[in-house]
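The chain contents come next:
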Amino acid sequence: MDNILEVTNLHTSFYTMAGEVKAVNGLDFSVRKGSTLGIVGESGSGKSVTMLSIVKLLGTNGKIKEGSILFNGEDVVDKKEDYMQTLRGNKIGMIFQDPMTSLNPVLTVGYQICESLIKHKNMSRRQAEKKAVELLSEVGIPDPKNRLNNYPHEFSGGMRQRVMIAIAVSCNPQLLIADEPTTALDVTIQAQILDLMKRLQSELDTSIIIITHDLGVVADIADEIMVMYGGNMVEKGSTRDIFYNPKHPYTKGLLRSVPNPDKLIKEKLIPIDGQPPDLLNLPKGCPFSPRCPNTMKICLMKNPDLMEFENGQKARCWLLNKEARAKGKVI
């Protein structure tokens, strides 16, 4: 199956008064057409910066230092802002983490949906408003014709997220990026939002990247899962492989810290000790080594290469290297 997105050796940094924050460090991954990739990891792992790099919304102090980002085979890294504006909201849709801050509070939701349709689809105001009513209906907003004239504060959190989805899919994007789309929503609304995204994907044949710190969110929606830590991928594989055959100690730690409702006897959750790495001063070796229960001397000296297994699963850990494991001793 063809890839709609291919990211190779991506390095993204932010330049601050304290120094260079190396947010993404040599990241490689791809997304197949029509599939869903879940990206998981703690805050500060580089998930959101990766997506902001793809759409080039890094602000004045952010910069892609190295690497390529191929969208439909074309590298967007060196593209000008005019070109990126033709992609954003048109071929690439974005659902941001907090709809209250992402939606303009002084404009009606109808105006904000129509804005994208008029710009990218050359619709008249009347055509755009008709399409906006259809979109609000599709995402489950009751009485969509009248709600078109409401402002964001007149909607609940779940309804605002539905409005964000309506805006994101208004132009039938080829790729939909959802950054923590269910944060701050209760469990019932979370399930409804995820079901809505799956339904829209099947109808529009859209590829989806869903970013989250919650493995439970991606369990049912993602075809593949990429686990990030310290600005890079530590593991990637099918959803089934990640949940039932994780290779990396960090992935195993994330899974141990998630409650399993299927188990009759509730097991004690095991947190991951320590703190995520300081991106201003990354450790010399594996960034997870200060927190890993299986750290060997080589882990402190050199970051391991990515290893690929027969089932296509990939992981970056010295424990997977037979020679290193034979020579090394857990510190």
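Above: the structure in question.
Overview of the structure.

Criteria and thresholds
Residues numbered from 1 in each chain as written. Predicted model: local features only at pLDDT ≥ 70, side-chain atom pairs only at ≥ 80, totals over all residues. Heavy atoms only, no water. Disulfide = S-S within 2.5 Å. Buried < 20%, exposed > 50% of the residue type's maximum accessible area, 1.4 Å probe, protein only. Helix = DSSP H or I, 4+ residues; strand = E, 2+ residues; numbered from the N terminus. Pairing = 2+ DSSP bridges. Right-handed = clockwise from strand over helix to strand, strands pointing away. 1 Å grid on protein atoms, 1.4 Å probe; cavity = no way out; pocket = protein on both sides within 12 Å on 5 of 7 lines; lining within 4 Å. Points joined across faces, edges and corners; volume = space filled by probe spheres on them. Salt bridge = Lys/Arg side-chain N within 4 Å of Asp/Glu carboxyl O. Contact = heavy atoms within 4.5 Å. Axes fitted to C-alpha atoms, helices over the stretch in contact; angles between N-to-C directions. Parallel < 35°, antiparallel > 145°, perpendicular 65-115°, else oblique. Left-handed = near helix turned anticlockwise from the far one by under 90°. Nonpolar A, V, L, I, M, F, W, Y, C, P; charged D, E, K, R; others polar.

### Describing the state of the cysteines
- This model, assessed by the stated rule, comprises 0 disulfides.
- The thiol of C114 is unpaired, and the distance to the nearest cysteine sulfur, on C171, comes to 11 Å.
- No disulfide involves C317; its nearest neighbouring cysteine sulfur is the one of C292, lying 6.1 Å away.

### A closer look at the pairing of strand β7 (residues 175-179)
- Within β7, 5 of the 5 residues are buried, leaving the element largely enclosed by the surrounding structure.
- Burial of the side chains of β7 extends over both faces: L175, I177 and D179 are buried on one face and L176 and A178 on the other.
- As defined by bridge partners, strand β6 (residues 92-95) adjoins β7 across 4 bridges and the pair is classed as parallel. If you follow I92 over to β7, its bridge partner there is L175.
- Relative to strand β8 (residues 207-212), β7 runs parallel, the two sharing 5 bridges. From the neighbouring strand, L175 faces β8, where its bridge partner is S207.
- In this fold, the crossover linking β7 to β8 by way of helix α8 (residues 187-204) has right-handed handedness.

### Things to note about the layout of surface pockets
- In this structure, the second largest pocket spans a volume of roughly 590 Å³.
- Taken together, 20 residues make up the lining of the second largest pocket; nearest its centre are R88, G89, E115, S116 and I167.
- Within the residue set of the lining of the second largest pocket, elements represented by two or more residues are β6, α4 (109-121) and α7 (157-169).
- Ranked by residues supplied to the lining of the second largest pocket, first place goes to α4 with 5 residues.

### A look at the pattern of salt bridges
- Tallying each qualifying case throughout the model produces 9 salt bridges.
- The closest approach of N and O atoms between E74 and K79, which form a salt bridge, is 2.8 Å.
- Overall, the relative accessible area of 35% leaves E74 in the partly exposed class.
- The salt bridge involving E203 is made with R199; its shortest N-O contact spans 3.1 Å. Separated by 4 residues within a single helix, E203 and R199 lie in helix α8, roughly one turn from each other.
- Assessed through its relative accessible area of 49%, E203 is described here as partly exposed.
- Salt bridges sharing partners connect three or more residues here, namely R32, E224 and K236.

### What to know about helix α1 (residues 47-54)
- Counting buried positions along α1 gives 6 out of 8 residues, so the element sits mostly inside the fold.
- Of the residues flanking the end of α1, it is K56, one or two places downstream, whose phi is positive at about 55°.

### Details of the environment of G230
- Mapping G230 onto the fold places it in the loop between β9 (224-229) and β10 (232-238).
- Put simply, G230 and E42 are 188 residues apart on the chain and 9.3 Å apart in space, counted from C-alpha to C-alpha.
- Aside from chain neighbours lying at most four places away, what touches G230 is N25, S45, P277, L279 and L282.

### Some thoughts on the packing of α4 against helix α5 (residues 125-138)
- With their axes 9 Å apart at the nearest point, α4 and α5 run at an angle of 120° to one another. With respect to α5, the element α4 is oriented oblique. Where α4 crosses over α5, the handedness of that crossing is right-handed. Across the interface between the two elements, Y111, I113, C114, L117 and I118 of α4 pack against R125, A128, E129, K131, A132, L135 and L136 of α5.
- Grouping the amino acids of the contact of α4 with α5 by side-chain chemistry returns 9 nonpolar, no polar and 3 charged.

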